[in-house]
Amino acid sequence: MATKRRAGAVLALLVTSALVVAGCNSGGEDEAPSEGELYKNPVTLTWWHNAPQDGPGKTYWEKVAKDFSALHPTVKIEIEAIETNQLQRTRIPAALLSNDPPDVFMSWGGGEMVEQVEADYLKDITDQTKAEVANMGKAAEIWQVNGKQYGLPFRMGIEGIWYNKDMFAQAGISAPPTTFEELNAAVTKLKAINVTPIAVGAGDKWPAAHWWYNFALRACSVDTLKKASKDKVFDDPCFVKAGQDLKAFIDTKPFQNNFIATPGQNDPTSANGLLANGKAAMELMGDWNRGTLDNVATDKAKLAKFLGWFPVPAISGSAGDPKAALGGGDGFACSKKAPAECVEFLKYIASPEVQKGYAETGTGLPVVKGAESGIQDPALKSILQATSEASYVQLWLDTAYGSTVGTAMNDGIVGIFSGKGTPEQVVAGMKAAASK
């Protein structure tokens, strides 16, 4: 992802570009077309994705589109790559409200997808994608609403902490932290050698919010998290405790100067740019970060040598499952107005060959069985193993709770980071948003 997100369900997961005019759309029918109806007339598919400019992901998606058109000459694909925040928060919502949405666009499933389905924006692709869904297993369920499939993922994994192994060695940190006590000790050691311990892009809100999510994952039981995702009830004291634990962590000053204005990704001055270029030792981020780090690194070879990854540490004595993890994925959906060829394109993206090619880009973990053989990066291999070993994977909380609650939650969390908000205000904002 270059990032993320939204679902009413919490799942255990096992992982084995300005508006472009949409041309020749055939209408909003969801029924599976007959073989003779497909590829009969020329169509243009508009495709919005979030792969970073000039990165391997963007190059790969261009190849995928070209290859699909070569196989199906009646289909032309017009692509636009759009930054995630702009895409998710502005472009997609505005386009879906218009009479001219893109045919294929990023989808993060969950509560956000529920909202889009309720507004009748998405094409039901259940009947056409049964084989692809079966080959994905549990991962595909995030893109379902009431048992029907409205999108397909192409990437899935848990998040953790990316780190500079050379800086750890210089600071005398012999092994990646497994508890927050050990993480705090590592922060102290890194400060002692004048290294910024952790980079965070609070300027984009969601990268900072993910710290609160992980504290909630440690403070709340799995049952509490499942209930909150289903009922949108946040009365359990663990949600306030997550904010208290976050504030205590921020008070140790683990982050770079002016973190509240730092962007998250895709720029040398962003949080991942600080990690990629040896100006910070750690960053909390998902599996997609490997590709974005490469995109902003001035020395990719040096980055590959020092980069490591470890799971988010446990908190001793907490109510949460220490082996639970936060995770999710990226996918694509079709506008209800998109032609039938849109669904065929989603199926092509989900094919084993295309998924293996995606894995080979090093920009994330594929979801189709067998495609994991394309993963070469050691850090991504670590994430794949950790994902398979996680006792429970909680979908990104802003994704799980939907856009209304998710936005209020993220705003409140950034308030804690800025020193202007409280743990109680985060939960109050979530409750108020849930009641709307």
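Residues numbered from 1 in each chain as written. Predicted model: local features only at pLDDT ≥ 70, side-chain atom pairs only at ≥ 80, totals over all residues. Heavy atoms only, no water.

1. Observations concerning the pairing of strand β1 (residues 43–49)
The cut-off we apply is this: Relative accessibility thresholds used throughout: buried, under 20% of the residue-type maximum; exposed, over 50%; partly exposed, between the two (1.4 Å probe, protein chains only). In DSSP terms, a helix is any run of H or I states spanning at least four residues, a strand is any run of E spanning at least two, and both are numbered starting from the N terminus. Paired strands are those between which DSSP finds at least two bridges. Crossovers are described as right-handed under a simple rule: with the strands pointing away from the observer, the path leading from the first strand over the helix to the second runs clockwise.
Buried residues dominate β1, accounting for seven of its seven residues. Where burial is concerned, the two faces of β1 agree: the one with V43, L45, W47 and H49 and the one with T44, T46 and W48 are both buried. Examined bridge by bridge, β1 and strand β2 (residues 75–81) share seven bridges and lie parallel to one another. In the sheet register, T46 faces β2, and the bridge partner there is E78. Handedness of the β-α-β unit built from β1, helix α1 (residues 56–71) and β2 comes out right-handed. Here β1 pairs with strand β3 (residues 104–107) via two bridges, running parallel. Across the sheet, W48 pairs through a bridge with F105, a residue of β3.

2. Some thoughts on the packing of helix α7 (residues 206–219) against helix α9 (residues 238–250)
This is how it is decided: Axes here mean lines fitted to C-alpha atoms, for a helix over just the part in contact, with angles spanning 0 to 180 degrees between N-to-C directions. Reported orientations rely on four angle classes, namely roughly parallel under 35 degrees, roughly antiparallel over 145, roughly perpendicular from 65 to 115, and oblique for the rest. Crossing handedness is read from the near helix: turned anticlockwise from the far helix by less than a right angle, it gives a left-handed crossing, and turned clockwise, a right-handed one. Here, two residues are considered to be in contact whenever any of their heavy atoms come within 4.5 Å of each other. Each residue is assigned to one class: nonpolar for Ala, Val, Leu, Ile, Met, Phe, Trp, Tyr, Cys and Pro, charged for Asp, Glu, Lys and Arg, and polar for all the others, Gly among them.
At a minimum axis separation of 8 Å, α7 and α9 run at an interaxial angle of 125°. Classified by the interaxial angle, the pair formed by α7 and α9 is oblique. Judged by the twist between their axes, the crossing of α7 over α9 is right-handed. Residue-level inspection shows W211, W212, F215, A216 and A219 of α7 in contact with α9, the latter providing C238, F239, K241, A242, G243, D245, L246 and F249. Classifying every residue of the contact of α7 with α9 by side-chain character gives 10 nonpolar, one polar and two charged.

3. So, the nonpolar core
Across soluble globular proteins, nonpolar side chains have a tendency to be buried as a group. The test is simple: Residues enter a nonpolar core if they are buried and are Ala, Val, Leu, Ile, Met, Phe, Trp, Tyr or Cys, with the set joined through side-chain atoms within 4.5 Å.
Counting 135 residues, the largest nonpolar core has W211, W212 and M282 as its most contacted members. When residues of this core are assigned to their parent elements, the largest contribution, 10 residues, is made by α7. Residues contacting W212, with those up to four places away along its chain left out, are F239, A242, G243, L246, L397, M409, I413, V426 and M430.

4. Topic: the state of the cysteines
Put simply, the rule is: Two cysteine sulfurs form a disulfide in these notes if their separation is within 2.5 Å.
Taken as a whole, this structure holds two disulfides when the rule is applied. Between C220 and C238 runs a disulfide, and the two sulfur atoms are separated by 2.1 Å. Linking C220 and C238, the disulfide has an S-S dihedral of approximately 95° and is accordingly described as right-handed. Here C238 lies in helix α9 and C220 lies in the loop between α7 and α8 (222–231), a separation of 18 residues in the sequence. One exposure class covers both C220 and C238, and it is buried. Note that C334 is cross-linked by a disulfide to C342, the S-S spacing being 2.1 Å. On the sign convention where negative means left-handed, the S-S torsion of about -100° between C334 and C342 marks this disulfide as left-handed. Each member of the pair, C334 as well as C342, carries the same accessibility label: buried. Regarding the disulfides, the protein carries the connectivity 1-2, 3-4 under sequence-order numbering of its bonded cysteines.

5. Comments concerning the side chain of Q88
Operational definition: Think of a polar contact as two N or O atoms within 3.5 Å of one another; within protein, one of them needs to be a possible hydrogen donor and the other a possible acceptor, and neighboring residues in sequence only count if both atoms come from side chains.
As for its position among the elements, Q88 is in helix α2 (residues 84–97). You can call Q88 buried: its relative accessible area is 5%. A polar atom in the side chain of Q88 sits 3.0 Å from the side chain of E112.

6. Points about the sheet that holds strand β9 (residues 282–285)
Read across the open sheet, the four strands follow the order β8-β9-β7-β10; overall the sheet is mixed. Of all strands in the sheet, those bounded by a partner on one side alone are β8 (198–199) and β10 (307–311). As paired elements, strand β7 (residues 160–164) and β10 share five bridges and run antiparallel to each other. Counted as the bridge partner of I161 is F310 from β10. Against the sheet, α7 touches β7, β8 and β9, its axis set at about 80° to β9. Against the sheet, helix α15 (residues 378–389) engages β7 and β10, with an angle of about 10° to β10.

7. Examining helix α17 (residues 423–434)
Selection rule: To estimate the expected span of a helix, count its residues, drop one, and scale the result by 1.5 Å. Arc, as used here, means the arc of the directions from the helix axis to the C-beta atoms.
Here α17 is 12 residues long and its end C-alpha atoms lie 17 Å apart, about the 16 Å a rise of 1.5 Å per residue gives. P423, V426, V427, M430 and A433 are the residues of α17 that are buried. Taken end-on, α17 shows its buried residues confined to a sector of 125°, consistent with a single buried face. In the core, the buried residues of α17 are packed alongside α7, α9 and α16 (397–418).

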